[in-house]
Amino acid sequence: MDKATIDRVCQWLDEARRLVVLTGAGVSAESGVPTFRDVQTGLWARFSPEELATEAAFRSDPQRVWDWYQHRRDALLSVRPNAGHMALAHYALRHPGKLMLVTQNVDGLHQKAGQPHTVTLHGDIAADRWLDEPGACCMAQPPLPGRPPRCPVCGNLRRPAVVWFGEALPADALASAERAAADCHLMLVVGTSGVVYPAAGLVHTASLAGARVVIVNPEATVLDDLADACIRGTSAGTLVQLLETATPPDMLDRKERTDRWIP
Ligand code: OAD
């Protein structure tokens, strides 16, 4: 890793009063969670997103889609946050109100690491919701267990509470992320291929608004042209180096700390 680039980004971190970190599947790779688009190991190299991550797929074969998500949920039970997740959580705790973490990940590892506030753009794989608008019957009694569970009266199905292809992102999460991107001084973009919108659009927003953009990824990405610096490293090693060596907040000019987000 290029020491001069790391030092420059550490300096930018100290200077920034508002920092957005946008994460993708690569931040969880070192915890053993597969990414989506890595050529050999990515989920979309082995499975078809059209058959597993769309509402149409779920309606045509609910059991198959439910079982695939259940398999991923089961695999996540034994997974722990890695040093990158921990470095982000510690940094946020040491710099209250400075960092807004926006993630495309559904694995809950930022939250498990103790991140004080995480904007989740693509939902939460551990949670379920109703497939169709629930009627009073759906709320009146627990769903019948099954793959997937269903309402015993109308048959409405439970589905994973993740965003599938073709679906809108949760409006509140997207609005907070867009506001933060338009209003930050520095955006770190970590472990994402940057090909899925609207999440990738946040990087364009930050760049257009004049923020510095830093990309952390072992591979080149389609967003690299927007970046002020690209660090070709893995998430855990790089985030520890950047965030755990940053100047402690007490040593920064007190004036700099007056204009922060309230999480
Ligand atoms: P991708 O699989 O598209 O990209 C993962 C990125 O992580 C790639 O650019 C890798 O080079 C990088 N990477 C791999 N190992 C890494 C490591 N140890 N440290 C840092 N980077 C590493 O995953 P996302 O960009 O997150 O959507 O994908 C975006 C969305 O597409 C996902 O949220 C998901 C998927 O379909 C939904 O589920 C709605």
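A quick note: this is a predicted structure, and the numbers were derived from the prediction, not measured.

Caption draft 1: Spatial organisation of the state of the cysteines. One pass over the full model with this rule turns up 0 disulfides. Its sulfur unpaired, cysteine 230 is 16 Å from the next cysteine sulfur, which belongs to cysteine 184. Residue cysteine 230 is classed as partly exposed on the basis of its relative accessible area, which comes to 30%.

Caption draft 2: Representation of the domain arrangement of the protein chain within the structure. Structurally, the protein chain comprises domain 1 (3–32 + 80–122 + 169–258) and domain 2 (34–78 + 126–162). Taking only C-alpha atoms, the centre of domain 1 and the centre of domain 2 are 29 Å apart. Listed by partner, the interface residues are 12 residues for domain 1 and 10 residues for domain 2. Roughly 790 Å² is buried in total at the junction of domain 1 and domain 2, and carbon and sulfur atoms are behind 59% of that figure. Broken down residue by residue, the surface that domain 1 buries against domain 2 is led by Ala25, Arg80 and Val106, which jointly contribute 40%.

Caption draft 3: Up close: the site of the ligand. Neighbouring the ligand are 23 residues; Phe36, Arg37, His122, Thr192 and Ser193 lie closest to it. Phenylalanine 36 places a polar main-chain atom, nitrogen or oxygen, 2.7 Å from an oxygen atom of the ligand. Contacts to the ligand include asparagine 217, whose side-chain N or O atom sits 2.8 Å from an oxygen atom. If the ligand stood free it would expose 800 Å²; the protein chains cover 92% of that surface.

Caption draft 4: Region of the structure containing the packing of aromatic side chains. All told, the structure shown has 7 aromatic pairs when counted by the stated rule. Seen from their ring centres, phenylalanine 36 and tryptophan 44 are 5.3 Å apart, and the 40° between their planes marks the pair as tilted. Their ring planes at 55° and their centres at 6.2 Å tell us that tyrosine 69 and tryptophan 164 sit as a pair that is tilted. You can see tyrosine 69 sitting in helix α6 (residues 62–77) and its partner tryptophan 164 sitting in the loop between β5 (158–162) and α10 (171–182), a full 95 residues away along the chain. Taking NZ or CZ as reference, arginine 73 lies 5.0 Å from the ring centre of tryptophan 66, over its face. When the ring centre of tryptophan 130 is taken as reference, the NZ or CZ atom of arginine 158 above it lies at 4.7 Å.

Caption draft 5: Fine view of the pattern of salt bridges. Counted by the stated rule, this structure contains 10 salt bridges. The residue arginine 59 makes a salt bridge to glutamate 55 at a minimum N-O spacing of 2.8 Å. Note that arginine 59 and glutamate 55 are positioned in helix α5 (residues 55–60) at a spacing of 4 residues, about one turn of the helix. For arginine 59, a relative accessible area of 42% corresponds to the partly exposed category. Of the charged contacts, one joins arginine 73 and aspartate 128 as a salt bridge, the two residues approaching to 2.6 Å between their closest N and O atoms. In this pair, arginine 73 sits in helix α6 while aspartate 128 sits in strand β4 (residues 123–130), placing the two residues 55 residues apart along the sequence. Shared partners join several salt bridges into a network, and the residues in it are Glu55, Arg59 and Asp132.

Basis of the calculations
- Residues numbered from 1 in each chain as written.
- Predicted model: local features only at pLDDT ≥ 70, side-chain atom pairs only at ≥ 80, totals over all residues.
- Heavy atoms only, no water.
- Disulfide = S-S within 2.5 Å.
- Buried < 20%, exposed > 50% of the residue type's maximum accessible area, 1.4 Å probe, protein only.
- Domains from an automatic or database assignment.
- Contact = heavy atoms within 4.5 Å.
- Buried area = accessible area lost by both parts, 1.4 Å probe.
- Near = heavy atom within 4 Å.
- Polar contact = N/O pair within 3.5 Å; in protein donor to acceptor, adjacent residues only side chain to side chain.
- Areas by Shrake-Rupley, 256 points an atom, 1.4 Å probe, with all protein chains shown as cover.
- Phe/Tyr/Trp six-rings, centres within 6.5 Å; stacked < 30°, edge-to-face > 60°.
- Helix = DSSP H or I, 4+ residues; strand = E, 2+ residues; numbered from the N terminus.
- Lys NZ or Arg CZ within 6 Å of the ring centre and 35° of its normal.
- Salt bridge = Lys/Arg side-chain N within 4 Å of Asp/Glu carboxyl O.

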